[in-house]
Amino acid sequence: MGANTSHVSDLSDNPSLRALVGTESISENDPFWNQLISFTFISPTSSGDSKLLEEAVIPLAKILIENNPRTGNFGALVRIFLGRTKELKISTECQDQLFIWQAHNALFMIRCLLKVFIREMSEEELHLQFSYQERAPGSCGETSSEDLLEELLSNLIHLIVEVPMLDITYSILFEAVTTLLVFFSYQLFHKDILRDGLIYQHIMKGRCLSLTSRLVKTLLYNFIRQEKCPPPTHIFEPKAEGGLLYGLASGVASGLWSVFTLGGAGSKAGIDQEHNPLPLSNQSLLLLLVLANLTDGPDWPNPYRQAITCFRNTQDTSSLSVEQPHTFQINFNSLYTALCEQQRSDQATLLLYTLLHQNTNMRTYMLSRTDMDNLVMPILEILYHVEDRNSHHVYMALIILLILTEDDAFNRSIHEVVLKNVSWYTERTLTEISLGSLLILVVIRTIQFNMTRTRDKYLHTNCLAALANMSAQFRCLHQYAAQRIISVVGNQFTFTSSLSPQAQDLNVIEEVIRMMLEIINSCLSNSLHHNPNLVYALLYKRELFEQFRTHPSFQDIMQNLDTVIGFFSQRLEQAGSDLSVERVQEVIMKGAQALPTDRLKKFPELKFKYVEEDQPEDFFIPYVWSLVFNSGVGLHWSPHGIELFSMDSG
C-alpha cells in the first residue's frame, strides 16, 4: 500500500516518525499531528507480528527517549490523544468513524512507545517523559499544573467504562485495555512483587479510584459478551475519489504506517482470528486479573479486589450495604454461562477460582444451579488431560473442585446428574455414569498420574481432600468408579514395595493409602446401603487388605473394613458356591439392609476446607503475568530481562 513503507523494518526511515522522535519540537497546533495519526492499519494480534513491530519501534523509541526532554513531543502526542477522548462518546453517538479512527491510532502509537519506555527506564524516569513540554519561545518549560501520566490513566479508564462497544469502537476499546496492561508491565522486570509506585498510586488512590466498580463491571461484561473482533473493513475505503477519507488515506499512503495491514489481506489475519477470535474479551480478563491481584497498600485495601469480592446479582433486590465499598450488580446467569463456556483457558479458570473463593454471593449462586455439570465437566476435562496442562492450571482446577466439595448439597446433587457417553474419557467407554462417579474417576486418575510422575504433595493432598469431602455422600457409585477406588489402594501398596527405601516417598505413599482407606471407611459408615458396587469391589479384592491389618499406620481404620468384609463374606458362604455376579449383587443388596450400623466404629467426619496460603501474591502475581506474557493479544516481550518468573514456567 505505501510507496515509501512496504515493510515493518522500514519504519525507522519513515519521515513522519523521524520527525516525531527527532530534535525539533512540534507544536500541538501543527497539521503534522493530524497527518501522523491518520494511518491505515489493523493492530497485530499475533505474537509474531507484534515481535516484528516491537523490533521496528525500539530504535525509534530510544531516539525519542534521548530527544524528548528537549522537544516534549511525546507529551504533545499524549495531549493530542487526550483532546480527542473528550469528544469520543459524542463521536460514537454520531458514528464519527474518522474521529474514532484517529484517536485509536494516537493511542496505538502511545502504547507502542510506552512498552519500550517501561522496559528501558524506571517509573520516575517515565513520569519525566510525560512532564517535558514543548520549549517554544515564551513557553513555560517543564512546569505544568497537570500530571499528564495520571490524566492519561484516568482517561483510559473513562474511555473503557463510558464508550459503548460497537464495531467502530471495538479497536479503541481493545487498545485502551491493552495500554493499561502495558502500564502495569513493570512487574515483569522485577523479581520481587511490586507493592508501590507511581502507577500503583494513581490506580489505587488517585482520580481512578472513583471508577473502580464501573471498570471491574465493564471488564466482566467484556468477558461475558465474548464479542468477536469485527471484520477488518477499512473506514477509509474510497467511496468517491477525492473525498475527505480518501484524501487522508492516500496522503498517508506515501508517508506513514500503511504497512500496518498486519492481519489484513495477504497476511495471517484469518489464522490469527481463528486462533484468538475474542481479543477484547481475552485482554479484559487479563487486565481484570492483574487488577484483582495487586497487593494491598500499607493502610488501604485493593479496591479492585473489594469490587470483585462483593458484587451482587442483578436479581438481588436487597439494599446495597454501605459497609461494602465499590459494590455493583451484574447478571449472574450471563457470567455463569461465560465461565462454563471458557474454561479451556487458564485465565477463565483463574477467574472462576477467584469468584468461588472470594465472592460469597457468586459462590452461593453457582452452588444453587441445577446445571452444575456445565461447570464441573470442563474442570474435569482439564484434569483428565493433566499431561497437556501446566501445573498452575491443574492446581486451579483442583482447588475449584475442593471448594465445591465443601458443600454437602453439591456432593449429593452430583450423584443425581446422569451423563451419557462422555467422549473425552477414552480409557473406558462410559455409556451412562453419574457426574459424581465421573468426578471420582478423574480425581483418582490425577492421583495416579501424580504418584507415578511428579509426586507433588500439594497435588495429591487436594485430590484426596476433595474425595474425602464427598465420601459420606457417595451414592450409587458406578462399578468402574468403585473398582478404581479399591484398586488405587492396591496400586499404591505395590508401588511402595517396588521403591528403593526413600523415607520421603514412603511417607507420601503411606499418606495416600491411609487417606484412601479413610475415604472407603467414610462411605461404608455413612452410605453403605447406597453403594453395593463398592462392597462388591471390596470383597473381590479382599486379599489386598490383609497386609494392612498389622501395619501400625492402618490398624485402626481397618477395623470397619474387616467388619464389612467379614459380614458379607459370611453371607456369601451361606448363599452357596459358584454364585453368579447377579446373585452376589443380590446378596450384597440384602445384606446392606441387614448390617447393624452400630457394628461400625464411628470416626470423625472427613471435612477439609481450602485456605489460601500466607502471601498468596507470591504465587498469583507471577502466574497472572505469565498468562499476560503468553496469552496477551498483540503483545510480545523478549524473554531477556523478564525477572518475575523463569521462562520455562511462564
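Here the structure is a predicted model, which is why all the values come from computation and not from measurement.

Brief notes about the packing of aromatic side chains
Right, on to step 1. Across all of its chains, the model carries 22 aromatic pairs by this definition.
Right, on to step 2. Between the aromatic rings of Y395 and Y458, the centroid separation amounts to 5.0 Å while the plane-to-plane angle is 75°, which identifies the pairing as edge-to-face. Here Y395 is found in helix 20 (residues 391–405), whereas its partner Y458 is found in helix 23 (residues 457–471), with 63 residues between them in sequence.
Right, on to step 3. Members of the aromatic cluster, each reached through a chain of ring pairs, are F311, F328, F332, Y336 and Y365.
Right, on to step 4. Just above the ring of F99 sits the side chain of R84; from NZ or CZ to the centre is 6.0 Å.
Right, on to step 5. Here R445 stacks its cationic end above the ring of Y384, 4.2 Å away from the centre of that ring.

Structural notes on the environment of Q547
Right, on to step 1. Its location among the elements puts Q547 in the loop between helix 26 (532–540) and helix 27 (555–574).
Right, on to step 2. Here L544 takes part through its backbone oxygen, which lies 2.5 Å from a polar atom of the side chain of Q547.

Remarks on unusual backbone geometry
The phi torsion of most residues other than glycine is negative, and most of the peptide bonds are trans.
Right, on to step 1. If you check the backbone angles, N421 has positive phi at about 50° while not being a glycine.
Right, on to step 2. Within the secondary structure layout, N421 lies in the loop between strand 3 (418–420) and strand 4 (432–434).
Right, on to step 3. For C476, which is not a glycine, the phi torsion comes out positive at approximately 45°.
Right, on to step 4. Its location among the elements puts C476 in the loop between helix 23 and helix 24 (479–498).
Right, on to step 5. You can call C476 exposed: its relative accessible area is 59%.

Section: the pattern of salt bridges
Right, on to step 1. Counted under the stated rule, the structure contains 21 salt bridges.
Right, on to step 2. D371 is paired through a salt bridge with R369; the nearest N and O atoms lie 2.9 Å apart.
Right, on to step 3. Salt bridges sharing partners connect three or more residues here, namely E387, E427 and R445.

Section: the confidence of the model for the chain
Regions with low pLDDT carry predicted coordinates that are not meant to be interpreted in detail.
Right, on to step 1. Residues at a pLDDT of 70 or more form 86% of the chain, whose mean pLDDT is 85.
Right, on to step 2. Across the chain, helix 17 (residues 346–358) holds the top mean pLDDT of 97, while helix 12 (residues 244–253) sits lowest at 35.
Right, on to step 3. Scored below 50 in pLDDT, residues 136–143 makes seven contacts in the model with residues more than four places away or belonging to other chains.
Right, on to step 4. A low-confidence stretch, residues 234–274 stays under pLDDT 50, and its non-local contacts, those more than four residues away or across chains, total 82 contacts.

What about the packing of helix 14 (residues 279–292) against helix 15 (residues 303–310)?
Right, on to step 1. Direction vectors running N to C along helix 14 and helix 15 enclose 110°, while the axes themselves pass 7 Å from each other. Between helix 14 and helix 15, the angle falls in the class roughly perpendicular. Of helix 15, the residues touching helix 14 (which contributes L288, L291 and A292) are Y304, R305 and I308.
Right, on to step 2. Grouping the amino acids of the contact of helix 14 with helix 15 by side-chain chemistry returns five nonpolar, no polar and one charged.

Quick look at the side chain of S569
Right, on to step 1. Note that S569 resides in helix 27.
Right, on to step 2. At a separation of 2.6 Å, a polar atom in the side chain of S569 contacts the main-chain carbonyl oxygen of I565.
Right, on to step 3. Contacts of S569, omitting those with residues within four sequence positions, involve L539 and R542.

Parameters at a glance
Residues numbered from 1 in each chain as written. Predicted model: local features only at pLDDT ≥ 70, side-chain atom pairs only at ≥ 80, totals over all residues. Heavy atoms only, no water. Phe/Tyr/Trp six-rings, centres within 6.5 Å; stacked < 30°, edge-to-face > 60°. Helix = DSSP H or I, 4+ residues; strand = E, 2+ residues; numbered from the N terminus. Lys NZ or Arg CZ within 6 Å of the ring centre and 35° of its normal. Polar contact = N/O pair within 3.5 Å; in protein donor to acceptor, adjacent residues only side chain to side chain. Buried < 20%, exposed > 50% of the residue type's maximum accessible area, 1.4 Å probe, protein only. Salt bridge = Lys/Arg side-chain N within 4 Å of Asp/Glu carboxyl O. pLDDT = per-residue confidence, 0-100. Contact = heavy atoms within 4.5 Å. Axes fitted to C-alpha atoms, helices over the stretch in contact; angles between N-to-C directions. Parallel < 35°, antiparallel > 145°, perpendicular 65-115°, else oblique. Nonpolar A, V, L, I, M, F, W, Y, C, P; charged D, E, K, R; others polar.

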